[in-house]
Amino acid sequence: DTAVSQTPKYLVTQMGNDKSIKCEQNLGHDTMYWYKQDSKKFLKIMFSYNNKELIINETVPNRFSPKSPDKAHLNLHINSLELGDSAVYFCASSQEVAGASTDTQYFGPGTRLTVL
Amino acid sequence: QQQVKQSPQSLIVQKGGIPIINCAYENTAFDYFPWYQQFPGKGPALLIAIRPDVSEKKEGRFTISFNKSAKQFSLHIMDSQPGDSATYFCAASISGYSTLTFGKGTMLLVSP
């Protein structure tokens with residue numbers, strides 16, 4: 001029983017296409033995230049959602065749009081894909097406890113996106 | 001502006017050695033310092049974490065040393081094993097704000 005799952009694991013597509021990555025967590029967490037890991041393995045936060053509401057939106061092109069249909073899901077839609085979007089995208093989740101955040105983030109297995 | 005600086009970028013030790021990975025932070029509001037371990041093809045996973053009210057924390061073979069005045073913390077792996085070969089990330093956050101700021105990672109190779 002996977003805690004944080006992502007689909008697909010690999011995604012190869014042409015420049016200019018639109019694609020989506022799906023994420024689901026079965027941990028009952030309130031907060032979900034998207035991270036981008038580049039070829040040098042640098043992990044950078046892209047978005048954070050708490051109870052389906054966007055709370056963090058780092059400097060990310062507006063071609064990237066997260067969508068949270070419910071607390072357990074946070075999908076990432078990318079329009080007009082560019083070569084520089086090639087990376088591994090990780091979904092993560094955490095539980096915010098009022099007055100005492102646990103801060104532990106649980107990561108999914110990642111989606112390797114290759115734009116040709 | 002890189003708020004968490006991690007070194008070295010890569011590290012090779014022999015089995016049984018004690019690799020040490022260092023991190024320095026700038027934001028004095030940070031009050032939670034986790035280390036994440038990432039194996040190839042997997043997502044990062046929490047290894048061990050410390051808060052600034054203690055100077056050291058041990059969990060098994062992994063130890064975090066924390067120096068609040070110097071704004072530095074480090075990970076020590078005792079009796080390292082080939083199975084410890086992975087990329088290690090330090091991170092920092094402010095409790096209640098969720099966002100983790102990661103260091104750039106250290107690729108550790110433990111040779112048999």
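Residues numbered from 1 in each chain as written. Chains lettered and ligands numbered in written order. Predicted model: local features only at pLDDT ≥ 70, side-chain atom pairs only at ≥ 80, totals over all residues. Heavy atoms only, no water.

Caption draft 1: Spotlight on the interface of chain A and chain B. Facing the 21 residues of chain A at the interface are 22 residues of chain B. Roughly 1,600 Å² is buried in total at the junction of chain A and chain B, and carbon and sulfur atoms are behind 55% of that figure. By the criterion of area lost to chain B, the three top residues of chain A are A:Lys41, A:Leu43 and A:Asp103, representing 32% of everything that side buries. At the junction of chain A and chain B, the tally comes to 3 residue pairs in polar contact (both at pLDDT 80 or more). Among the elements of the structure, β4 (31-37) and β5 (43-50) of chain A are those that each provide at least two residues to the side of chain A that touches chain B. Looking at the side of chain A that touches chain B, the element that brings in the most residues is β4(A), giving 4 residues. A breakdown of the residues in the side of chain A that touches chain B according to their chemical character gives 9 nonpolar, 7 polar and 5 charged. (Contact = heavy atoms within 4.5 Å. Buried area = accessible area lost by both parts, 1.4 Å probe. Polar contact = N/O pair within 3.5 Å; in protein donor to acceptor, adjacent residues only side chain to side chain. Helix = DSSP H or I, 4+ residues; strand = E, 2+ residues; numbered from the N terminus. Nonpolar A, V, L, I, M, F, W, Y, C, P; charged D, E, K, R; others polar.)

Caption draft 2: Here's a closer look at the sheet that holds strand β8 (residues 73-78) of chain A. Residues and elements named next belong to chain A. Read from one edge of the open sheet, 4 strands run β1-β3-β8-β7, paired in antiparallel fashion. With one partner strand each, in any of the chains shown, β1 (4-7) and β7 (64-70) form the two edges of the open sheet. Adjacent strand axes in the sheet meet at a mean angle of 20°, parallel and antiparallel pairs treated alike. Here β1 runs beside strand β3 (residues 19-25); their pairing, made up of 4 bridges, is antiparallel. Across the sheet, Val-4 pairs through a bridge with Gln-25, a residue of β3. (Pairing = 2+ DSSP bridges. Axes fitted to C-alpha atoms, helices over the stretch in contact; angles between N-to-C directions.)

On their own, these measurements won't tell you what the molecule is for.
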